Amino acid sequence: MDPIYLDYAATTPLREEVVDAMAPFAQAGFGNPSSLHRWGRAAFAALEGAREEVASALGAKPSEVFFVRGGTESDNLALLGWCEAHGDGMTPTLAVSAVEHHAVLAAAESAARTGHARTLVLPVSAEGTLDLAAVADAVASPPTLLSVMWVNNETGMVLPVPELAERAKAAGATVHTDAAQALGKVPIDLRTAPLDLLSATGHKLYGPKGTGLLFVREGTRVAPLLHGGGQERALRPGTQDVAGAVGLARAVRLAVQELEAEAARLIELRERMSRALVDRIPGVRINAVGAPRAPHILSVGVPSVKDGSALLMALDLEGVAVSGGSACLSGAAKRSHVMAALYSPGDPFAAVRFSFGRPTRPADVDRAVDALALVVHRSEAAA
């Protein structure tokens, strides 16, 4: 039988509409958008059209949308660029949740290590809550940037970003969210969500890899990390990838348009798998089950499995592609920082993350359940 890909939280294929939108700018429309001749003007018009398409989908102004080279760059530019813009004569504070993507955590650690900021890591419960008193303390001494991801990439838990943003904004803080797993999966409207900075990437929603965006609300101060020409209004210099921006914009628009129907379909798949795994594998745990969760991610804890990597490889041999957590750390042997933050240090469960996409069907879910049950049974028999 054909192998089953259930790792859409790691990356997604380009959808046909995105390929079609990008195609004219991969060859004939190859102009540099900074050039004044007709090739350059055509490229510039396409770039600004893409910016308007993204802005419309997010509820933002086109001038608030910046194209960058991926989600990691967007997170780094948001945090370190904000520190650079607010470090004149003072040490700003970065307050980040304990379950952030490493693009945020490592940027915050770098800022603290180099003396550009004081970094606070805020605990998160398995029910998806943050200690509001800790948040209040963190933002009590401006300037402070609060960075909390909207959807956790390992467990799918939805964190209360709009509510946290309201509290932080009331205290004078700037608020950033990593929305890489949220965009196109949960409703996002920047006309009502009191966010100053938002990061996202194209390859999580059937757009091209190496593309990303940073929303910077009008009036928010962020300094560039790179220096060169004046592209992207000097915040992200370097010749823009017009084809990539066009593909990213089309992917964002389609994901937002289809969100309601696709989310309902994915929730059915997620719950179908949850019920089946609980029935088939004694002691299995649904990670973050008490928290609101995004529709496309199901993280499970498999009891008494000593080698999580071996479990994933065994599933791959059965024709099911999944991950243990963040694809950025797929080769790491140590326990996920997310699982460590949510559960006790001696937690005996190995994490397996199933993530569903547009091509996923109920038969794929059923086969994946059979495969995991078989692999666990073999592991127990060999112990």
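These notes cover the structure that comes with them. (Residues numbered from 1 in each chain as written. Predicted model: local features only at pLDDT ≥ 70, side-chain atom pairs only at ≥ 80, totals over all residues. Heavy atoms only, no water.)

In space, the seven strands of this open sheet follow the order S2-S8-S7-S6-S5-S3-S4, with mixed pairing throughout. Edge positions in the sheet fall to strand S2 (65-68) and strand S4 (118-122), since each of these pairs with one other strand and no more. Taken pair by pair, the neighbouring strands of this sheet meet at an average axis angle of 20°, ignoring direction. The pairing of strand S5 (residues 144-147) with strand S6 (residues 174-178) spans three bridges and is classified as parallel. (Pairing = 2+ DSSP bridges. Helix = DSSP H or I, 4+ residues; strand = E, 2+ residues; numbered from the N terminus. Axes fitted to C-alpha atoms, helices over the stretch in contact; angles between N-to-C directions.)

Side chains bearing opposite charge may pair, as long as their charged atoms lie close to each other. Scanning the model with the defined rule gives 19 salt bridges in all. Among the ionic pairs, Arg 51 bridges to Glu 232, the shortest N-O distance being 2.8 Å. With Arg 51 in helix H2 (residues 38-58) and Glu 232 in the loop between strand S8 (212-216) and helix H7 (242-257), this pair connects stretches of sequence that are 181 residues apart. Summarising the burial analysis for this pair, Arg 51 and Glu 232 share the class buried. The closest approach of N and O atoms between Arg 293 and Glu 271, which form a salt bridge, is 3.8 Å. (Salt bridge = Lys/Arg side-chain N within 4 Å of Asp/Glu carboxyl O. Buried < 20%, exposed > 50% of the residue type's maximum accessible area, 1.4 Å probe, protein only.)

Now for H7. Relative to the 22 Å expected for 16 residues at 1.5 Å per residue, H7 spans 23 Å between its end C-alpha atoms, a close match to the ideal helical length. Burial of H7 is extensive: 12 of the 16 residues sit out of reach of the surface. If you follow the buried residues of H7, they end up packed against helix H1 (16-26), H2, S2, strand S7 (197-201), S8 and helix H8 (259-280). Of the residues flanking the start of H7, the one acting as N-cap is Asp 241, its side-chain oxygen 3.4 Å from the backbone nitrogen of Ala 243. (Expected span 1.5 Å × (residues − 1). Contact = heavy atoms within 4.5 Å. Polar contact = N/O pair within 3.5 Å; in protein donor to acceptor, adjacent residues only side chain to side chain.)

Looking now at the packing of aromatic side chains. Under the defined criterion, the tally for this structure stands at one aromatic pair. Summarising the aromatic geometry, the rings of Tyr 5 and Tyr 8 are spaced 4.8 Å apart at their centres and angled 90° between planes, so their arrangement reads as edge-to-face. When its relative accessible area of 31% is taken as the criterion, Tyr 5 is described as partly exposed. Residue Tyr 8 is classed as buried on the basis of its relative accessible area of 9%. (Phe/Tyr/Trp six-rings, centres within 6.5 Å; stacked < 30°, edge-to-face > 60°.)

On to the sheet that holds strand S12 (residues 349-355), then. Spatially, S9-S10-S12 is the arrangement adopted by the three strands of the open sheet, whose pairing is antiparallel. The open sheet has two free edges, formed respectively by strand S9 (285-286) and S12, since each of these has just one partner strand. Sheet contacts for H8: S9, strand S10 (297-303) and S12; angle to S10, the most-contacted strand, approximately 10°.

Below, the discussion takes up the environment of Asn 153. Among the secondary structure elements, Asn 153 is positioned in the loop between S5 and helix H6 (161-170). In this structure, the C-alpha to C-alpha distance between Asn 153 and Ala 180, residues 27 residues apart in sequence, is 8.2 Å.

Counting residues in hydrophobic clusters, the biggest one holds 67 residues, and the most contacted among them are Leu 146, Trp 150, Leu 159, Leu 195 and Leu 198. For this core, the leading source of residues is H7, giving nine residues. The next biggest cluster of nonpolar side chains, apart from the first, holds 30 residues, and it includes Met 273, Leu 311, Val 322 and Val 352. (Core = buried A, V, L, I, M, F, W, Y, C linked by side-chain atoms within 4.5 Å.)

Looking now at the side chain of Asp 7. By the element assignment, Asp 7 lies in the loop between strand S1 (4-5) and H1. Non-local contacts of Asp 7, meaning those with residues more than four positions away in its chain, are made with Ala 321, Val 322, Ser 323, Arg 353 and Ser 355.

This part takes up the environment of Val 376. Residue placement: Val 376 occurs in helix H11 (residues 362-382). Residues Val 376 and Val 305, 71 residues apart in the sequence, show an inter-C-alpha distance of 8.0 Å.

Moving on, we come to the pairing of S6. The buried count for S6 comes to five of five residues, which makes it a mostly enclosed element. Both faces of S6 are covered, namely the face carrying Thr 174, His 176 and Asp 178 and the face carrying Val 175 and Thr 177. In this fold, the crossover linking S5 to S6 by way of H6 has right-handed handedness. Pairing between S6 and S7: three bridges, direction parallel. Counted as the bridge partner of Asp 178 is Ser 199 from S7. (Right-handed = clockwise from strand over helix to strand, strands pointing away.)

The next subject is the packing of H8 against H11. Two numbers describe how H8 lies on H11: the axes approach to 10 Å, and their chain directions differ by 25°. One finds that H8 runs roughly parallel with respect to H11. With respect to the hand of their crossing, H8 and H11 are arranged in right-handed fashion. Taken together, the residues of H11 that come into contact with H8 (itself represented by Leu 269, Arg 272, Met 273, Ala 276, Leu 277 and Arg 280) are Pro 362, Val 365, Asp 366, Ala 368, Val 369, Asp 370, Leu 372 and Ala 373. Taken together, the residues that form the contact of H8 with H11 break down as 10 nonpolar, no polar and four charged. (Parallel < 35°, antiparallel > 145°, perpendicular 65-115°, else oblique. Left-handed = near helix turned anticlockwise from the far one by under 90°. Nonpolar A, V, L, I, M, F, W, Y, C, P; charged D, E, K, R; others polar.)

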